[in-house]
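Below, each chain spelled out in residue letters.
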Amino acid sequence: MRLLRILATSMLFAVACLGTASGQTSIYTVTVPVADTSAAVRDQAFATGLTQVLARASNGADPRGKAGYADAMKQPGGLVQQYQYARTGGANGAPLSLEIVFDPGAVRRVLAVGDAAAAAPKAPVLVVARDATGKLLGQDELAPLAQMADTRGYQIVVPKDGAVSDPAALAAGDPAAVAGVARQYNTAVVLVGKIGADQTDWTLVSAGRTSSWKDSGEARAALLTNGANAMADKLDRQFAATQGGSTSGKVWVAGLHSAADYAGLLSTFQNDPSVKSIAPVAATADGVLFDVSASAPLARLVAGYSAGGHVLAGDAHDGADLTVRWVP
């Protein structure tokens, strides 16, 4: 009896693991009809399957025009994590089918070729989500959200030790609260959520700017998946906006109240090898206007600095191409 219990427990654990893996890889899994198990037919199935997966990962867009498509098709098997044959009894006009699971990271790298926005590193997202009782949800409870976020190219992290200081201030985009989180988790991107039985309230905080929305009418897993998709849509738009634009211009920095603040800001820019020069051109009691020249778009540089917890997005300022706030 003890042996039977051990076997049963092992089987249940295996099924649970398979269920999780299936959820993580569904977008990267495809089934292709095949005539036989020869290498040539298998490789053609890999190419067919990869084209379908690339289209899914591109929200239905034709992947054949992507810069990395041709190279990926030279050895599509190199992107395969695992595959398995199954007999179909002639369904779909073939005696066999081949189920193929592609490597998510490899697929994203193919789509990133020639796409600066996709290729540039993305900050992780700190998810601070509570249920109706106020309990902070952990990684396991947020699995549907984490899986969809990963599919969309974003990694999520959850508060350490199951706690975060002043979540209300964080949801409001309070500079001190966002800066504190950024220094602890190396990201100024935070998703704050209230998760009910059939409703969710979300606030996305990105470098100090906030965006809120609601969702309802579905099971919790679907609501979490929807939340990840909406988050990714917003971040994709923000991220794409920072990948182009001028490599030189005027940057207004508010919040410089001491010599130490000023020195810290200059150090942030001067320690970046992409920055060619930075010089103050005007100053008031509220901040300093700098003339900055770099080898990369200024918007991308400034967005990257937010992960350090000192440089956050600021309100528009006359005469400035970009505005930021320095947080000590």
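Residues numbered from 1 in each chain as written. Predicted model: local features only at pLDDT ≥ 70, side-chain atom pairs only at ≥ 80, totals over all residues. Heavy atoms only, no water.

Student: I keep staring at the sheet that holds strand β1 (residues 29-34) and nothing clicks. Help me out?
Tutor: Remark on secondary structure: sheet strands pair via backbone hydrogen bonds, oriented parallel or antiparallel. Here three strands make up an open sheet; going across it, the order is β1-β3-β2 and the pairing antiparallel. The sheet is open, and its two edges are formed by β1 and β2 (80-87), each paired on a single side. For this sheet, the mean angle separating the axes of adjacent strands, direction not counted, is 20°. Judged from the six bridges that link them, β1 and strand β3 (residues 96-102) form a sheet pairing that is antiparallel. (Pairing = 2+ DSSP bridges. Helix = DSSP H or I, 4+ residues; strand = E, 2+ residues; numbered from the N terminus. Axes fitted to C-alpha atoms, helices over the stretch in contact; angles between N-to-C directions.)

Student: Where do I start with the environment of V128 in this structure?
Tutor: Along the chain, V128 turns up in strand β4 (residues 125-131). What makes V128 buried here is its relative accessible area of 2%. With residues near it in sequence (within four places) discarded, V128 still touches L136, P159, V164, P167, L170, V190, L191, V192 and G193. (Buried < 20%, exposed > 50% of the residue type's maximum accessible area, 1.4 Å probe, protein only. Contact = heavy atoms within 4.5 Å.)

Student: Sorry, what's going on with helix α4 (residues 104-112) here?
Tutor: Given 3.6 residues per helical turn, the α-helix brings residues three or four places apart onto the same face. Along α4, seven of the nine residues are buried, which leaves the element largely enclosed by surrounding structure. Those residues of α4 not exposed but buried are P104, G105, A106, V107, V110, L111 and A112.

Student: Before we go on, may I ask you to explain the packing of helix α6 (residues 143-151) against helix α9 (residues 220-241) in this structure?
Tutor: Packed helices, taken two at a time, are described by the angle between their axes plus the distance between the axes. Contact geometry for α6 and α9: axes closest at 7 Å, N-to-C directions at 35°. Here α6 runs over α9; the crossing is right-handed. Judged by residue contacts, P144, L145, M148 and A149 of α6 engage A221, L224, T225, A228, N229 and M231 from α9. Here the residues of the contact of α6 with α9 sort into eight nonpolar, two polar and no charged. (Left-handed = near helix turned anticlockwise from the far one by under 90°. Nonpolar A, V, L, I, M, F, W, Y, C, P; charged D, E, K, R; others polar.)

Student: It is not clear to me how the packing of helix α2 (residues 39-57) against α4 should be interpreted in this structure. Could you clarify?
Tutor: Here α2 crosses α4 at 75°, and the two axes come no closer than 10 Å. Relative to α4, the element α2 lies roughly perpendicular. Contacts between α2 and α4 involve L50, V53, L54 and A57 from the first element and V107, V110 and L111 from the second. Looking at the contact of α2 with α4 residue by residue, the class counts come to seven nonpolar, no polar and no charged. (Parallel < 35°, antiparallel > 145°, perpendicular 65-115°, else oblique.)

Student: Explanation requested: the packing of aromatic side chains in the structure shown.
Tutor: What describes a pair of aromatic rings is the distance from one ring centre to the other and the angle between the planes of the rings. Summed over all chains, the structure comprises four aromatic pairs. Ring plane angle 80° and centroid distance 5.3 Å describe the contact between F269 and Y305, whose orientation is recorded as edge-to-face. Here F269, found in helix α10 (residues 259-270), pairs with Y305, found in helix α11 (residues 298-305); they are 36 residues apart in sequence, far enough to count as distant. For the pair shown, F269 and Y305 are each scored as buried. What links up through ring pairs into an aromatic cluster is the set F46, Y83 and Y85. The residue whose ring lies beneath K160 is Y185, and the NZ or CZ to ring-centre distance is 5.3 Å. (Phe/Tyr/Trp six-rings, centres within 6.5 Å; stacked < 30°, edge-to-face > 60°. Lys NZ or Arg CZ within 6 Å of the ring centre and 35° of its normal.)

Student: Any chance you could explain the nonpolar core here in plain terms?
Tutor: The tendency in soluble globular proteins is for nonpolar side chains to be buried side by side. Counting residues in hydrophobic clusters, the biggest one holds 23 residues, and the most contacted among them are V125, V127, L145, L191 and M231. Mapped onto this core, the elements with two or more residues apiece are β4, α6, β6 (189-195), β7 (199-206) and α9. Ranked by residues supplied to this core, first place goes to α9 with six residues. If sequence neighbours within four positions are ignored, V125 has contacts with Y154, Q155, I156, V157, V189, V190, L191, M231 and L235. Within the second largest apolar cluster, 21 residues are counted, among which are V53, Y69, V107 and L111. (Core = buried A, V, L, I, M, F, W, Y, C linked by side-chain atoms within 4.5 Å.)

Student: Got a minute to help me understand the pattern of salt bridges in this structure?
Tutor: Working definition: two side chains of opposite charge can pair if their charged atoms are close together. Scanning the model with the defined rule gives seven salt bridges in all. Two residues, D236 and R152, come together in a salt bridge whose shortest N-O distance is 3.0 Å. Remark: R152 occurs in the loop between α6 and β5 (156-157) and D236 occurs in helix α9; sequence separation between them is 84 residues. Residue class for R152 comes out buried when judged on its relative accessible area of 16%. A network of salt bridges, in which partner residues are shared, links R152, D233 and D236. (Salt bridge = Lys/Arg side-chain N within 4 Å of Asp/Glu carboxyl O.)

Student: Can you help me understand the pairing of strand β8 (residues 209-216) in this one?
Tutor: Within a regular strand, the side chains alternate between the two sheet faces. Note that β7 and β8 share eight bridges and pair antiparallel. Bridge pairing links V205 to T210 in β8. Joining the antiparallel neighbours β7 and β8 is a turn of two residues, in which A207 adopts a positive phi near 55°.

Student: What am I meant to see in unusual backbone geometry here?
Tutor: Keep in mind that most residues, glycine aside, have a negative phi and that most peptide bonds are trans. Residue N186 is not a glycine yet carries a positive backbone phi of 60°. Here N186 is to be found in the loop between α8 (175-185) and β6. Residue classification places N186 among the exposed positions, given a relative accessible area of 54%.

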